[in-house]
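# Topology and contacts: notes
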Amino acid sequence: MQAGGARFPKQRQVLILFLLLGVVLAGWESRRYSVMEETESGSFVANLAKDLGLGVGELAERGARVVSEDNEPRLQLDLQTGELILNEKLDREEMCGPTDPCVMHFQVLLKKPLGVFRAELLVRDINDHSPEFPEREMTLKIPESSPPGTVFPLKTAQDLDVGNNNIQNYNISPNSHFRVSTRNWGDGRKYPELVLDKELDREEQPELRLTLTALDGGSPPRSGTAQVSILVLDVNDNAPEFAQTLYQVQVPENSPVGTLVVKVSARDLDTGTNGEISYSLFYSSQEISTTFELNSLSGEVRLIKKLDFETISSYELYIDASDGGGLSGKCSVSVEVVDVNDNSPELTISSLTNPVPENTPVTEVALFRIRDRDSGDNGRMTCSIQDDLPFLLKPSAENFYTLVTNGALDRESRAEYNVTVTVTDLGTPRLKTEHSITVLVSDVNDNAPAFTQTSYTLRVRENNSPALHIGSVSATDADAGANAQVTYSLLPPHDPRLPLASLVSINADNGHLFALRSLDYEALQAFEFGVGATDRGSPARSSQALVRVLVLDDNDNSPFVLYPLQNGSAPCTELVPRAAEAGYLVSKVVAVDGDSGQNAWLSYQLLKATEPGLFGVWAHNGEVRTARPPSERDAPKHRLLVLVKDNGEPPRSASVTLHVLLVDGFSQPYLPLPEAAAEQAQADPLTVYLVIALAAVSSLFLFSVLAFIAVRLCGRSRAASLGRCSVPEGHFPGHLVDVGGTGTLSQSHQYEVCLMGDSGSNEFKFLKPIFPNNLGQDLGRKSEGNSIFQNSLGI
């Protein structure tokens, strides 16, 4: 039972295989179309799309093609309309000769999936040829003793047309002795016979000239004529007789010219001229007369042209033997051409896909057909390719083969293959044909561009000229053609505040980077951005790299003096008590430099002073101190010019002017310097009025707010002990307690204040200054003295 169960699956597999093969080989029933010969090129034959049951678009998608048996492009398939049209005028006589019907076999090839549909085109004959006799005049010798009813064969006319358009009837010009009878051969051809109706009398009429007319059955009919000359002879009562009425011979197709095909023999019982026999071809077509030669005396038939089994496989010869008395006999010779292996296999490419895209698992490269014109084993073939190539041959129907890839191809490994298709027949000796197919592998964009570095660091000195080339990036792509053409671009920066589009640009073709504008180290020391390399494939592939640009500092900034301000307003005056000792801190010049490194290292130098030797400037911190104690002989007003210089190359500098007033004590009234008074006198009166008005309004507002705060604070502190300072929850706003920068420092200073609880007046007591920076440590004592001095002046 187990063996029987295993046998049924095998039978089922064989059945499925035959069903699939039947679908491929018999996709439709073989159809026959017809067309009249000599129809104009481009004429409609049939609508193949409709007959195949396919849409018009499917024909183009499946690569429909029409292939004829003889590979002649007589038909053309219009893929846009699905119509089968004539590619040229068809001549039935040239295509088929005497064969009727004239059928041209062709196939319709479809791909994806493969389909082969067989069809036939019947070329219908038209009456385009007239009958023609092989000789314009024929002579008959008829014994006068011939009884009425005697039949005399006449030479047959030839008409290249077939069917009804071939010769249908013969007639002869009117006479009193003869009529023509039209007879049929076994193959359907008609031949004339001259029938004697009335006895001849050589003495009355030794010769007759008649006109023989051959008529075809076309519409309108065509005709051909020949002259028949009849010579009346004396009695010859025996006609030649052949030893055989039918001779059958076989001749190899490779027989050389001159080969004896057959020798026919006839004999005549008469003697003399009536017994002398001559042989002739009774019915001789052009093909027979150009292939065979008949010796009229010996009856030998020899080749005068090489035979070709693939063109004509058999011949029928009709031989007439005539004696000297005008009697004749007939026989036929059947010549069968024996095939030999003289034709190498043929390979015809029907479709070729070249180049083949890489990375495709299975791709149809070529569809071709093999054919051998020989027969039997001589026409059986095998087909093969090299074993070391990634390709396979798949046999199909009707001797069609498909060359497909055996897996995905890689263009980067190998871009071209030479596939040799070898077709060998099984004849003796074996003949083979080799056809070389060059398969090019087309590139697929399967490689992204690769940068030579993952990151690039570029350095550029500030104050560069616009459009300066600052460096390059480079990427390569292993693909070819457009897939390897790399285009560079800037990627959006991670920091949206970075104006990358106005800083740098990149040449899309070579990756050169350019600075679009002059860079400023003080504004931007470094920045980084991404660059992309994109190929021109579809879809495009890309990669990225990081570029960091370092801006190198240049000494392009002069020192800037923060204190004292040099803004054209009233000069800053520093107060120094005459009792000050040597090293007394007069002021401090505060300056900065926008550069970096040694370009920002500042040094201070006293260039000019009203009293040289009284004051000095420390070179590294800008502190202005007394070099000795002031004396009574020193002038009260001093003007100091301080130079601030950086350490760049070349160095840059700035100068600042300090005004110093020597006073006996901080209670001494403040006297403006003459220069300041002169400048104020020269000021615009309108500006002065505006300043005075603004100061008055500000003062009124300030005193109002202070009074309001003082009242509130006093109300809260009545429960506190006497003499204790009442401190509000937070500091007063800076603009309410700031002291204007008219003292030794030009900037405002904030003070913590408290209102005396036991004071009957709204008087503030300055307890401690609050400085925004470390200047307060150096100038605290000086600022406190200036503040007391300013309060005493009512500022």
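Predicted, not measured: the structure shown is a model, and the values here were computed from it.

Moving on: the overall build of the chain. Secondary structure assignment for the chain yields 10 helices and 51 strands. Looking at the chain as a whole, 39% of its 795 residues are labelled buried. Sequence-distant contacts in the chain: of pairs separated by 6 or more residues, those separated by 24 or more amount to 67%. Surface summary for the chain: the accessible area is close to 42,800 Å², and the carbon and sulfur share equals 52%.

Looking now at the packing of aromatic side chains. Scanning all chains against the criterion turns up 9 aromatic pairs. Geometrically, the ring pair formed by Phe-152 and Phe-178 is edge-to-face, given 6.5 Å between the ring centres and 70 degrees between the ring planes. With Phe-152 in strand β9 (residues 151–153) and Phe-178 in strand β11 (residues 178–184), this residue pair connects regions lying 26 residues apart in the sequence. Each member of the pair, Phe-152 as well as Phe-178, is classed as buried. The residue whose ring lies beneath Arg-625 is Trp-618, and the NZ or CZ to ring-centre distance is 5.2 Å.

In this section: unusual backbone geometry. With an omega dihedral of 0 degrees, the bond running from Ser-538 to Pro-539 counts as a cis peptide bond. Tracing the sequence through the fold places Pro-539 in the loop between β39 (526–535) and β40 (542–552). With an omega of -5 degrees, the peptide bond running from Tyr-563 to Pro-564 counts as cis. Within the secondary structure layout, Pro-564 lies in the loop between β41 (560–563) and β42 (573–577). Although it is not a glycine, Asn-359 sits at a positive phi angle of roughly 65 degrees. Residue position: Asn-359 is located in the loop between β25 (356–357) and β26 (364–371). One non-glycine residue, Asn-463, lies in the positive phi region at around 65 degrees.

Strand-to-strand pairing in sheets goes through backbone hydrogen bonds, with the strands running parallel or antiparallel. An order of β42-β49-β48-β45 is seen for the 4 strands of this open sheet, with the pairing classed as mixed. Bordering the open sheet on either side are β42 and β45 (602–609), each of which pairs with just one other strand. Strand-to-strand twist across the sheet, computed as the mean angle between neighbouring axes with direction ignored, equals 35 degrees. Here 7 bridges tie β45 to strand β48 (residues 637–646), and the two strands are oriented antiparallel to one another. When the bridges of β48 are listed, Ala-609 appears paired with Leu-640.

Spatial strand order, β1-β7-β6-β3: 4 strands in an open sheet with mixed pairing. Each of the sheet's edge strands pairs with one partner strand only, and the pair in question is β1 (31–36) and β3 (65–68). Across the sheet, the axes of successive neighbouring strands diverge by a mean angle of 30 degrees, strand direction being ignored.

Counting through the fold element by element, Glu-93 comes out in helix α4 (residues 92–96). We classify Glu-93 as buried; its relative accessible area is 11%. A polar side-chain atom of Glu-93 sits 3.5 Å from a polar atom in the side chain of Arg-92. Ignoring anything within four residues of it in the chain, the contact list for Glu-93 reads Glu-37, Asp-125, Asp-128, His-129, Leu-160 and Asp-161.

The subject of this paragraph is the pattern of salt bridges. In the structure shown here, the tally under the stated rule is 25 salt bridges. The closest approach of N and O atoms between Glu-120 and Arg-32, which form a salt bridge, is 2.9 Å. Here Arg-32 lies in strand β1 and Glu-120 lies in strand β7 (residues 115–124), a separation of 88 residues in the sequence. Under the relative-accessibility criterion, Arg-32 is labelled partly exposed at 46%. Asp-197 serves as the salt-bridge partner of Arg-179, at 3.0 Å between the closest nitrogen and oxygen. Taken together, the residues Arg-179 in strand β11 and Asp-197 in the loop between β12 (190–196) and β13 (207–216) connect sequence positions 18 residues apart. In this structure, a network of salt bridges that share partners links the residues Arg-92, Glu-93 and Asp-125.

Before going further, it helps to spend a moment on the state of the cysteines. Within this structure, the stated rule accounts for 1 disulfide. There is a disulfide in this structure between Cys-96 and Cys-102, and the S-S distance comes to 1.9 Å. Between Cys-96 and Cys-102, the S-S torsion sits near 65 degrees, and that sign places the bridge as right-handed. Since its relative accessible area comes to 0%, Cys-102 is described here as buried.

A contiguous nonpolar patch, built from Phe-560, Leu-562 and Val-592 and spanning about 270 Å² of accessible area, is present on the exposed surface. By the element assignment, Val-592 lies in strand β44 (residues 590–592). The class of Val-592 is partly exposed, set by a relative accessible area of 40%.

This part covers the confidence of the model for the chain. For the chain, the average pLDDT comes to 80, and 82% of its residues sit at 70 or higher. A low-confidence stretch, residues 1–27 stays under pLDDT 50, and its non-local contacts, those more than four residues away or across chains, total 8 contacts. For residues 719–795, every residue scores under 50 in pLDDT, and the model assigns this stretch 118 contacts once sequence neighbours within four places are set aside.

Mapped onto the fold, Val-439 is located in strand β31 (residues 432–442). Given the relative accessible area of 1%, Val-439 is considered buried.

Our focus in this paragraph is the environment of Val-656. Checked against the element boundaries, Val-656 lands in strand β49 (residues 653–663). Owing to a relative accessible area of 0%, Val-656 belongs among the buried residues under this scheme. Contacts of Val-656, omitting those with residues within four sequence positions, involve Val-561, Pro-564, Gln-566, Val-589, Leu-640, Leu-641 and Val-642.

Put simply, side chains in a regular strand alternate between the two faces of the sheet. Bridge count between β25 and β31: 2 bridges; the pairing is parallel. Each residue of the ladder has a partner; that of Pro-357, found in β31, is Ser-442. One ladder, built from 9 bridges, connects strand β30 (residues 416–425) with β31; its direction is antiparallel. Residue pairing for β31: Val-419 is matched across the bridge by Ile-437.

As for its position among the elements, Cys-102 is in strand β6 (residues 102–110). Taking the C-alpha atoms as reference points, Cys-102 and Leu-122, 20 residues apart in sequence, are found 5.8 Å from one another.

Thresholds applied
Residues numbered from 1 in each chain as written. Predicted model: local features only at pLDDT ≥ 70, side-chain atom pairs only at ≥ 80, totals over all residues. Heavy atoms only, no water. Helix = DSSP H or I, 4+ residues; strand = E, 2+ residues; numbered from the N terminus. Buried < 20%, exposed > 50% of the residue type's maximum accessible area, 1.4 Å probe, protein only. Contact = heavy atoms within 4.5 Å. Areas by Shrake-Rupley, 256 points an atom, 1.4 Å probe, with all protein chains shown as cover. Phe/Tyr/Trp six-rings, centres within 6.5 Å; stacked < 30°, edge-to-face > 60°. Lys NZ or Arg CZ within 6 Å of the ring centre and 35° of its normal. Pairing = 2+ DSSP bridges. Axes fitted to C-alpha atoms, helices over the stretch in contact; angles between N-to-C directions. Polar contact = N/O pair within 3.5 Å; in protein donor to acceptor, adjacent residues only side chain to side chain. Salt bridge = Lys/Arg side-chain N within 4 Å of Asp/Glu carboxyl O. Disulfide = S-S within 2.5 Å. Patch = residues over 30% accessible without salt bridge, like charges linked within 9 Å, V, L, I, M, F, W, Y side chains within 5 Å. pLDDT = per-residue confidence, 0-100.

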